[in-house]
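# Survey of secondary and tertiary structure
This is what each chain is made of:
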Amino acid sequence: MTGFSKGFGKVEVGLKWDPSPAGRPPTDLDLVAATFLSDDPYGTPAYLVHFDSRSPDGTIFLNRDSTDGRGFGWDEVMTLELDRLDGRYARVVVGVVIQQRFGHKTFVNVLNPAMRIRVDRYTVLAQDDFGSVLGATAATIAEFVRDDSGEWSFRPGVHGFEEDPATFTRVMGRAH
């Protein structure tokens, strides 16, 4: 575990990939965040944040969303204001899911995927190219855990899943 104090401020998660070749169906990756209550930190998410939602209190939101990887720079960007997140939340897990509308796709089928997690716009906490989960259809990419004193710790690591998007959101918070 890497210890970073609650003084983070904002955490930014960026995701990018290259568009599918001409004549091929688009590739659509989505960032998703799941929050967990302190009385059930590995159970069912209290709520999810993804392309069609934001947190009830506005502390986790998607700044940019792409359905085909044709953005400039980072195609999807999510902001987590952990320092403002209500004290009843003890854990936030961030993941990436590949939409399966046009047939079964895994990370090996995605052109040049990459993710970056940084704090306060400058300090990079993690970067990855999904090379360790090429056969997965989804992956968790970050875990933030609040301790009893209220300080947040960052647990890096990319963990692959072979789930459809709906199932992934239910199981992404399980312990590894």
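Scroll up for the structure.
Quick look at the structure, then. (Residues numbered from 1 in each chain as written. Predicted model: local features only at pLDDT ≥ 70, side-chain atom pairs only at ≥ 80, totals over all residues. Heavy atoms only, no water.)

## Some remarks on the sheet that holds strand S5 (residues 76–80)
Going by this rule: For two strands to pair, DSSP has to find at least two bridges joining them. In this description a helix means any DSSP run of H or I spanning at least four residues, a strand means any run of E spanning at least two, and both kinds are numbered starting from the N terminus. The angle between two axes is taken between their N-to-C directions and runs from 0 to 180 degrees, where each axis is a line fitted to C-alpha atoms and a helix contributes only its stretch in contact.
Spatially, S4-S5-S1-S7-S8 is the arrangement adopted by the five strands of the open sheet, whose pairing is antiparallel. Of all the strands in the sheet, the pair left with one neighbour each is strand S4 (60–64) and strand S8 (123–128). Averaged over all pairs of adjacent strands, the angle between their axes in this sheet comes to 20°, without regard to strand direction. Across five bridges, the pairing between strand S7 (residues 111–119) and S8 is antiparallel. Bridge pairing in S8 places Arg116 opposite Gln127.

## Concerning the layout of surface pockets
Applied cut-off: For each structure, a 1 Å grid was placed over the protein atoms alone; sets of points admitting a 1.4 Å probe that cannot get out are labelled cavities, open sets with protein on both sides within 12 Å along at least five of seven lines are labelled pockets, and lining residues have an atom within 4 Å of a point. Grid points are joined across faces, edges and corners, and a volume is the space filled by probe spheres set on the points.
The calculated volume of the largest pocket comes to roughly 180 Å³. What lines the largest pocket is Ser20, Pro21, Arg24, Pro25, Thr27, Phe102, Lys105, Asn109 and Leu111.

## Describing unusual backbone geometry
The criterion, for reference: For every residue, the accessible area obtained with a 1.4 Å probe (protein chains only) is divided by the maximum for its type, and the residue is called buried under 20%, exposed over 50%, and partly exposed between those limits.
At Asp120, a residue that is not glycine, the phi angle is positive and equals roughly 50°. Of note, Asp120 is situated in the loop between S7 and S8. The phi torsion at Arg121 lies on the positive side, around 70°, for a residue other than glycine. Along the polypeptide, Arg121 turns up in the loop between S7 and S8. Assessed through its relative accessible area of 58%, Arg121 is described here as exposed.

## Quick look at the side chain of Thr35
Counted only if it meets this: The contact criterion used throughout is that any non-hydrogen atoms of two residues lie within 4.5 Å.
Within the secondary structure layout, Thr35 lies in strand S2 (residues 29–37). When near neighbours in sequence (up to four residues on either side) are disregarded, Thr35 contacts Pro45, Ala46, Tyr47, Ile60, Tyr89, Arg91 and Val92.

## Here we look at the sheet that holds strand S9 (residues 138–146)
Within a sheet, neighbouring strands are paired by backbone hydrogen bonds and run either parallel or antiparallel to one another. Strands sit in the order S3-S2-S6-S9-S10 across an open sheet of five strands; the sheet is antiparallel. Strands at the two margins of the open sheet, each flanked by one partner only, are strand S3 (47–49) and strand S10 (152–161). Across this sheet, the average inter-strand angle for adjacent strands is 20°, counted without regard to direction. In the sheet, S9 pairs with S10 via eight bridges, with the strands oriented antiparallel. Bridging across to S10, Glu143 finds its partner in Arg155.

## Some words on the side chain of Thr106
The topology assignment puts Thr106 in the loop between strand S6 (89–98) and S7. Looking at Thr106, the relative accessible area reads 9%, which means it is buried. The residues contacting Thr106, other than those within four sequence positions of it, are Ile98, Leu134, Gly135, Ala136 and Thr137.

## Considerations on the environment of Phe36
In this structure, Phe36 sits in strand S2. By relative accessible area, Phe36 is classed as buried at 0%. In sequence terms Phe36 and Asn112 are 76 residues apart; their C-alpha atoms lie 31 Å from each other. If we skip the residues at most four places from it in the chain, Phe36 touches Pro41, Gly43, Thr44, Pro45, Ala46, Arg88, Tyr89, Ala90, Arg91, Val93 and Gly173.

## Remarks on empty space enclosed by the protein
As a reminder of what qualifies: When residues are sorted by character, Ala, Val, Leu, Ile, Met, Phe, Trp, Tyr, Cys and Pro go into the nonpolar class, Asp, Glu, Lys and Arg into the charged class, and all the rest, Gly among them, into the polar class.
One pass over the full model with this rule turns up one cavity of 30 Å³ or more. The space that makes up the largest cavity amounts to roughly 50 Å³. For the lining of the largest cavity, the class distribution of residues is three nonpolar, three polar and three charged.

## Description of the packing of aromatic side chains
Quick reminder of the rule: Two aromatic rings, drawn from Phe, Tyr or Trp (for Trp, its six-membered ring), form a pair once their centres lie within 6.5 Å of each other, and the interplanar angle then sorts them: stacked below 30 degrees, edge-to-face above 60, tilted otherwise.
This model, assessed by the stated rule, comprises four aromatic pairs. On the basis of an interplanar angle of 5° and a centroid distance of 4.5 Å, the ring pair of Phe107 and Phe130 is categorised as stacked. Of the two residues, Phe107 is situated in the loop between S6 and S7 and Phe130 in the loop between S8 and S9; the sequence distance between them amounts to 23 residues. Both residues of the pair, Phe107 and Phe130, belong to the buried class. Summarising the aromatic geometry, the rings of Phe161 and Phe168 are spaced 5.2 Å apart at their centres and angled 70° between planes, so their arrangement reads as edge-to-face. Owing to a relative accessible area of 0%, Phe168 belongs among the buried residues under this scheme.

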